[in-house]
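Working through the structure, step by step
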2 protein chains.
Amino acid sequence: MRVILTNGVHIAAVTVAAVLAMAGGVMAQALKDVQVPATPLVLKAQGSFFVGGDTIEQTRGELGDLGPGGHIAVNQMYVRYMVPQGGEGNVPVVMVHGATLTGKSWETTPDGRMGWDEYFVRKGHPVYVPDQVGRGRSGFNQAVFNNVRAGSTPPPNQPLWLRFSDESVWPNFRFGLTPGQPFSDSQFPVTAVDELAKQAVPDVSFGGLPTPNPTLKALADLASQLNGAVLMGHSQSGSFPLESALLNPGAAKGLVLVEPGSCPARYTADQIATLAKVPTLVVFGDHRDTSTGLPTLPTWQARFEACQALIGRITNAGGQAEMLAPPDRGIRGNSHMIMQDKNNLPIADLILRWIDERVSNRRR
Amino acid sequence: MRVILTNGVHIAAVTVAAVLAMAGGVMAQALKDVQVPATPLVLKAQGSFFVGGDTIEQTRGELGDLGPGGHIAVNQMYVRYMVPQGGEGNVPVVMVHGATLTGKSWETTPDGRMGWDEYFVRKGHPVYVPDQVGRGRSGFNQAVFNNVRAGSTPPPNQPLWLRFSDESVWPNFRFGLTPGQPFSDSQFPVTAVDELAKQAVPDVSFGGLPTPNPTLKALADLASQLNGAVLMGHSQSGSFPLESALLNPGAAKGLVLVEPGSCPARYTADQIATLAKVPTLVVFGDHRDTSTGLPTLPTWQARFEACQALIGRITNAGGQAEMLAPPDRGIRGNSHMIMQDKNNLPIADLILRWIDERVSNRRR
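Since this is a predicted model, take the numbers as computed values, not measurements.

**Topic: the overall build of chain A**
- Helix and strand content of chain A: 11 helices and 11 strands.
- Taken along the three principal axes of its C-alpha coordinates, chain A extends 60 × 60 × 45 Å.
- By the burial criterion, 63% of the 364 residues in chain A qualify as buried.
- Here the analysis covers contacts within chain A between residues at least 6 apart in sequence; of these, 73% occur between residues at least 24 apart.
- By element, 51% of the accessible surface of chain A is carried by carbon and sulfur atoms, the whole surface being about 12300 Å².
- In chain A, which carries 30 positive and 30 negative side-chain charges, the distance between the mean positions of the two groups comes to 4 Å.

**Brief notes about the packing of helix α7 (residues 214-225) of chain B against helix α8 (residues 240-247) of chain B**
All names here are of chain B.
- Orientation of α7 relative to α8, taken along the N-to-C sense of each, is 65°, at an axis distance of 8 Å. Crossing geometry of α7 relative to α8 is assigned as right-handed. Facing T215, L216, K217, L219 and A220 of α7, the residues of α8 in contact are F240, E243, S244 and L247.
- Among the residues making up the contact of α7 with α8, the classes are represented as 5 nonpolar, 2 polar and 2 charged.

**Thoughts on the interface of chain A and chain B**
- On the side of chain B, 89 residues touch chain A, which itself brings 89 residues to the contact.
- Buried surface at the junction of chain A and chain B, both sides included, amounts to about 8100 Å², of which 57% is carbon and sulfur.
- Of all residues in chain A, the largest losses of buried area upon contact with chain B belong to L66, R137 and R149 of chain A, amounting jointly to 10% of the total for that side.
- The interface formed by chain A and chain B holds 4 salt bridges in total.
- As a salt-bridge pair, R137 of chain B and E107 of chain A come within 2.8 Å of each other at their nearest N and O atoms.
- The interface formed by chain A and chain B includes 35 residue pairs in polar contact (both at pLDDT 80 or more).
- Considering every element that reaches the side of chain A that touches chain B, the biggest residue donor is strand β4 (residues 41-58) of chain A, with 12 residues.
- Bridging between β4 of chain A and strand β4 (residues 41-58) of chain B involves 3 bridges; their strand directions are antiparallel. Across the sheet, L41 of chain A pairs through a bridge with L43 of chain B, a residue of β4 of chain B.

**Brief notes about the pattern of salt bridges**
- Counting across every chain of the model gives 32 salt bridges over all chains.
- Across the pair R332 of chain A and D286 of chain A runs a salt bridge whose closest N-O atoms are separated by 2.8 Å. Separated by 46 residues along the polypeptide, R332 of chain A in the loop between β11 (321-324) and α11 (344-363) and D286 of chain A in the loop between β10 (280-283) and α10 (300-316) bring together distant segments of the chain.
- With a relative accessible area of 6%, D286 of chain A lands in the buried category.
- Each of R80, E107, D117 and D131 of chain A together with R137 of chain B takes part in salt bridges that share partners, so that together they form one network.

**Description of the packing of aromatic side chains**
- Taken as a whole, this structure holds 32 aromatic pairs over all chains when the rule is applied.
- Between the aromatic rings of F173 of chain A and F175 of chain A, the centroid separation amounts to 6.2 Å while the plane-to-plane angle is 80°, which identifies the pairing as edge-to-face. Accessibility assignment for this pair places F173 of chain A and F175 of chain A in one class, buried.
- On the numbers, 4.9 Å between centres and 80° between planes, the contact of F140 of chain B with W161 of chain B is edge-to-face. Of the two residues, F140 of chain B sits in the loop between β7 (127-130) and α4 (143-150) while W161 of chain B sits in the loop between α4 and α5 (166-172), which places them 21 residues apart along the sequence. As far as the burial class goes, F140 of chain B and W161 of chain B line up, both buried.
- By the ring-pair criterion, three or more aromatic residues cluster together here, those being F140, F145 and W161 of chain A together with F140, F145 and W161 of chain B.
- Positioned above the aromatic ring of W300 of chain A, the side-chain terminus of R303 of chain A is 3.6 Å from the ring centre.

**Remarks on the relation of the copies chain A and chain B**
- Each copy superposes on the other: chain A lies on chain B with an RMSD of 0.0 Å after a rotation of 180° and an axial shift of 0.0 Å. Given the turn and translation reported, the copies of this chain are related as if by a two-fold rotation axis. Across chain A, the smallest distance between a C-alpha and the rotation axis is recorded for G136 of chain A, namely 2.0 Å.
- The fraction of interface residues of chain A whose copies in chain B are also interface residues reaches 100%, indicating that both copies meet through the same surface.

**Concerning the nonpolar core**
- Counting residues in hydrophobic clusters, the biggest one holds 104 residues, and the most contacted among them are F49 and L222 of chain A together with F49 and L222 of chain B.
- Apart from the residues lying within four places of it in its own chain, the contact partners of L222 of chain A are F49, V51, M77, V79, V94 and Y128 of chain A together with L31 of chain B.
- V121, V127, V230 and M337 of chain A belong to the second largest nonpolar core, which has 90 residues in total.

Reading the values: the criteria
- Residues numbered from 1 in each chain as written.
- Chains lettered and ligands numbered in written order.
- Predicted model: local features only at pLDDT ≥ 70, side-chain atom pairs only at ≥ 80, totals over all residues.
- Heavy atoms only, no water.
- Helix = DSSP H or I, 4+ residues; strand = E, 2+ residues; numbered from the N terminus.
- Buried < 20%, exposed > 50% of the residue type's maximum accessible area, 1.4 Å probe, protein only.
- Contact = heavy atoms within 4.5 Å.
- Areas by Shrake-Rupley, 256 points an atom, 1.4 Å probe, with all protein chains shown as cover.
- Lys, Arg positive; Asp, Glu negative; His and termini not counted.
- Charge placed at Lys NZ, Arg CZ, Asp CG, Glu CD.
- Axes fitted to C-alpha atoms, helices over the stretch in contact; angles between N-to-C directions.
- Left-handed = near helix turned anticlockwise from the far one by under 90°.
- Nonpolar A, V, L, I, M, F, W, Y, C, P; charged D, E, K, R; others polar.
- Buried area = accessible area lost by both parts, 1.4 Å probe.
- Salt bridge = Lys/Arg side-chain N within 4 Å of Asp/Glu carboxyl O.
- Polar contact = N/O pair within 3.5 Å; in protein donor to acceptor, adjacent residues only side chain to side chain.
- Pairing = 2+ DSSP bridges.
- Phe/Tyr/Trp six-rings, centres within 6.5 Å; stacked < 30°, edge-to-face > 60°.
- Lys NZ or Arg CZ within 6 Å of the ring centre and 35° of its normal.
- Least-squares fit on C-alpha atoms with pLDDT ≥ 70 in both.
- Core = buried A, V, L, I, M, F, W, Y, C linked by side-chain atoms within 4.5 Å.

Listed below in structure tokens is the structure:
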């Protein structure tokens, strides 16, 4: 039995193994370490659905040569949701994952603790977790790959699939400068880093998606269908909430940019004026001035500063934009995967308080 | 408000839209139609984890050219789970999806009704829903595609990606002989067939996975980690429970083959003797003798008969193997996607009763 003390919430946790009263046997690391909260999760509803999608026609070869040509759906976005009992009037939160990842990012952490998806539900918010178009359960358009295989399309025309190596994740996600050597204050559960590695899937979004990325409109449409939502992005999708708010400003009730890969400097004054109507929070962890280990990628400190500049522009336009950097509050060692860090729930509490103050109060 | 009457369970359902008291606005079909049960879902635990996985080394090019070569995880299997409050002592059920699909198959139906994942939980069983290795949140090995793109591997060496066209689904999944013209007694919610189309993702398992398929051992390992489970497969994965039971007979407490794509005739007498120790149920819907519309694929009646033959062999070896064909009980019109059919919950009740009688009683 283990007790996790978070900011205002007590959770007694035991492993699923203990709860299921297993008789023994060798178990894999992942399931063995999954913890069970002391109190049940009571849901008004849970399930999944799709947003968007286009119907297109493809040839027999493009479909994989089993049957005749015909139509398929592409560019749809899978969304899994949980609505807490009694929380159906609270603002929904949409959580979007980063590069080479899926919605799994927000679920059970690599070391088996509660993810932000369930924690935000337990704090009263309906939570919606998509897989970006092109990844996970949203699928991708396979036609070009089958055409290249058949020789009807030149190989360079098929898009790259991106993966981060386990070694490159250490400096880039800021667990430590060198693989296997965590920062002394690292909050990431580095003993479970192999479980994080399993969360990674190939990412086709660098050249393999339509322009603009269909996920942006899908997120705006989802927020609209929910009659307003907080849009939360991470890393690659860190700027997606901004883009979706520009597509449908009325539907975005709040924007949370968690360790965003970019905070664009290109927005016009008109666009900044639009963004100034939506409360915005940017969240960055620690050790930002270290090298990413990937020469083409700027340091996270450079991105932090670009976000500070954007916050300045929005604030100057009369908006409510803020930076939440735990190191500024004496909370050290948070990584790029802050939603999976050992102090992920206290960090979530800071975001939840911001939602209460900046988003929910505004609506009352 | 709508009331669905199933075998012993009353569920009053309203749409999420109504529960969230939305003020209006145009909503996409999918979310608008999602129904909310009248009673909350009370979970002891929910979350996700991985089973299996190999760490392999890849080159810079194989990883997508962003950073240096290094290691990644491949062949892991993503699993999402829900454990009902008070049901932790009941036998878990693992639900595996079919070709070109993901674990989404078992979630909310295309027309927004409750999926078997939640229904089995509400009936007291912990439920585990994987994505097969190579698909969805389990990811796939992207190296060969990047090598083909770079010109270092011949295009024919990259595997096919299979999709079923919307048109081919109608005869093959037995909604009707012709697209848009359902059987008069069809149980599939054909007005939502476009939402089923969005569930499809490219399937690399025809040549793009290691042999044997890593999903088979992952399922056996999962059942073992759970200290015993009912393994349920569908279509492409219909025979997976048999294969996993042969890998670890003690961990498979029951096998449910839903519309299996094959019931192998190749099993030896020793293998049949092993399978005879595990209760097995095969489930087939209606309209099996119609053409699949795909010339290389046998009719579902031919597969039904192969399963009857396997049931005969297991029974002759002293085992408990049975066929559940709703048409034999006067229930007509069930499709290949029986877990999504309009009568999916009454069909689930038949399977749940079988688990009670053949699996759970045996354990008490």
